[in-house]
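Here is what each chain is made of, one letter per residue.
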Amino acid sequence: TADAEGNLWSSKGDCAGIVCRVTDGCGNVLGEECVNEEDAVISYKGAKAGEVNHGGIMSVTSVNTTIRNCQNYGTITSSGTMNTAMSLGGILANISHKSTVVDGCTNHGTVEQTAGYADRLFIGGIVGYSYSSGTIQNCINDTDAVITIAAVSAANTYSATNYIAVGGICGY
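Everything numeric in this text was worked out from a predicted model, so none of it was measured.

Participant: Help me out: how do you make sense of the overall build of the protein in this one?
Facilitator: For the protein, the helix and strand inventory stands at 0 helices and 19 strands. Split into buried and exposed, the 172 residues of the protein put 50% on the buried side. Considering only intrachain contacts with a sequence separation of at least 6, the fraction spanning at least 24 residues in the protein is 82%. With the model as given, the accessible surface of the protein reaches about 7,500 Å², and the carbon-plus-sulfur share is 47%.

Here you go:
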């Protein structure tokens, strides 16, 4: 949903500035020269189970997808508690298909987890998490804001199952 200022809000699942989720049955998907100027604010009350993905252009790609020459100016902000994985990306949150290509994209917005925790948190200026070895090429993350993370787990401890990965281009 969008608030009065045009910011995108989600309290239930994935959220993105242009396309939320690309899944089986969509065929080949091309997102070209898309521009997102809206902030995506994700807030959870209480613990949320299940994977959550938030991106400036797209949240998840599960089929052959190309995102080319897109720009994100919006801030991707998440707060709340996750019982599993959370992926946040300036352009794309989660690459879940090996034929996904992110090419020539630029992120100008901050990507941040501001409160709460996630058992596994992936934050990237371009892509938060690349599960299937997609291609990220010719991309720029030019935000001068700091990527911030509140906490990893309730106990603020790192382990084989509780961790964070942060990267200027790709978090993990």
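Participant: Help me out: how do you make sense of the sheet that holds strand S14 (residues 106-107) in this one?
Facilitator: Two strands in a sheet stick together by hydrogen bonds in their backbones, pointing the same way (parallel) or opposite ways (antiparallel). Spatial ordering of the open sheet is given by S5-S10-S14-S18, a layout of 4 strands whose pairing is parallel. For this open sheet the edge positions go to strand S5 (35-36) and strand S18 (140-141), each flanked by a neighbour on one side alone. Where strand S10 (residues 71-72) lies against S14, 2 bridges are found, and the strand directions are parallel. Among the inter-strand pairings, Gln-71 is bridged to a residue of S14, identified as Thr-106.

Participant: Explanation requested: the packing of aromatic side chains in the structure shown.
Facilitator: The geometry of an aromatic ring pair is captured by two quantities: the separation of the ring centres and the angle between the planes. Inspection of every chain in the model, using the stated rule, returns 4 aromatic pairs. When the centroid spacing of 5.3 Å and the interplanar angle of 40° are considered together, the rings of Phe-122 and Tyr-172 count as tilted. You can see Phe-122 sitting in strand S15 (residues 111-124) and its partner Tyr-172 sitting in the segment after strand S19 (163-167), a full 50 residues away along the chain. For Phe-122, a relative accessible area of 3% corresponds to the buried category. Here the aromatic cluster, defined as three or more aromatic residues joined through ring pairs, consists of Phe-122, Tyr-129, Tyr-131 and Tyr-172.

Participant: Sorry if this is basic, but what is going on with the nonpolar core here?
Facilitator: Soluble, globular proteins show a tendency: their nonpolar side chains are buried together. Counting residues in hydrophobic clusters, the biggest one holds 13 residues, and the most contacted among them are Ile-57, Ile-67, Ile-91, Leu-92, Val-102 and Cys-105. Membership of the second largest hydrophobic core comes to 7 residues, among which are Ile-76, Met-86, Val-111 and Ile-123.

Participant: Would you take a moment to explain the state of the cysteines for this structure?
Facilitator: One covalent bond between the sulfur atoms of two cysteine residues makes up a disulfide. Considering all chains together, one arrives at 0 disulfides under this definition. Between Cys-70, a cysteine without a disulfide, and Cys-34, which holds the nearest cysteine sulfur, the sulfur-to-sulfur distance is 4.0 Å. Under the relative-accessibility criterion, Cys-70 is labelled buried at 0%. The structure places no disulfide on Cys-139, whose sulfur is separated from the nearest cysteine sulfur, that of Cys-105, by 4.8 Å.

Participant: Mind showing me how you'd approach the pattern of salt bridges here?
Facilitator: Once their charged atoms are close, side chains differing in charge can pair, the charge on each being opposite to the other. Evaluation of the coordinates by the stated rule reveals 2 salt bridges. Arg-68 serves as the salt-bridge partner of Glu-32, at 3.3 Å between the closest nitrogen and oxygen. With a gap of 36 residues between them, Glu-32 in strand S4 (residues 29-32) and Arg-68 in strand S9 (residues 65-68) connect regions that are remote in the sequence. Ionic pairing is found between Asp-103 and Arg-68, a salt bridge with its closest N-O pair at 4.0 Å.

Participant: Mind showing me how you'd approach the side chain of Asn-94 here?
Facilitator: Its location among the elements puts Asn-94 in strand S12 (residues 92-95). The buried category is assigned to Asn-94, whose relative accessible area is 1%. Side chain to side chain, Asn-94 and Ser-96 meet in a polar contact 2.8 Å long. Aside from chain neighbours lying at most four places away, what touches Asn-94 is Glu-51, Asn-53, Ser-59, Val-60, Thr-61, Ser-87, Tyr-129 and Tyr-131.

Participant: What exactly am I supposed to notice about unusual backbone geometry here?
Facilitator: Negative phi values dominate among residues other than glycine, just as trans dominates among peptide bonds. Located in the positive-phi region is Glu-33, a residue other than glycine, with phi close to 55°. Inspection of the secondary structure assignment puts Glu-33 in the loop between S4 and S5. Overall, the relative accessible area of 58% leaves Glu-33 in the exposed class. A positive phi angle, close to 55°, is found at Asn-138, a residue other than glycine.

About the cut-offs
Residues numbered from 1 in each chain as written. Predicted model: local features only at pLDDT ≥ 70, side-chain atom pairs only at ≥ 80, totals over all residues. Heavy atoms only, no water. Helix = DSSP H or I, 4+ residues; strand = E, 2+ residues; numbered from the N terminus. Buried < 20%, exposed > 50% of the residue type's maximum accessible area, 1.4 Å probe, protein only. Contact = heavy atoms within 4.5 Å. Areas by Shrake-Rupley, 256 points an atom, 1.4 Å probe, with all protein chains shown as cover. Pairing = 2+ DSSP bridges. Phe/Tyr/Trp six-rings, centres within 6.5 Å; stacked < 30°, edge-to-face > 60°. Core = buried A, V, L, I, M, F, W, Y, C linked by side-chain atoms within 4.5 Å. Disulfide = S-S within 2.5 Å. Salt bridge = Lys/Arg side-chain N within 4 Å of Asp/Glu carboxyl O. Polar contact = N/O pair within 3.5 Å; in protein donor to acceptor, adjacent residues only side chain to side chain.

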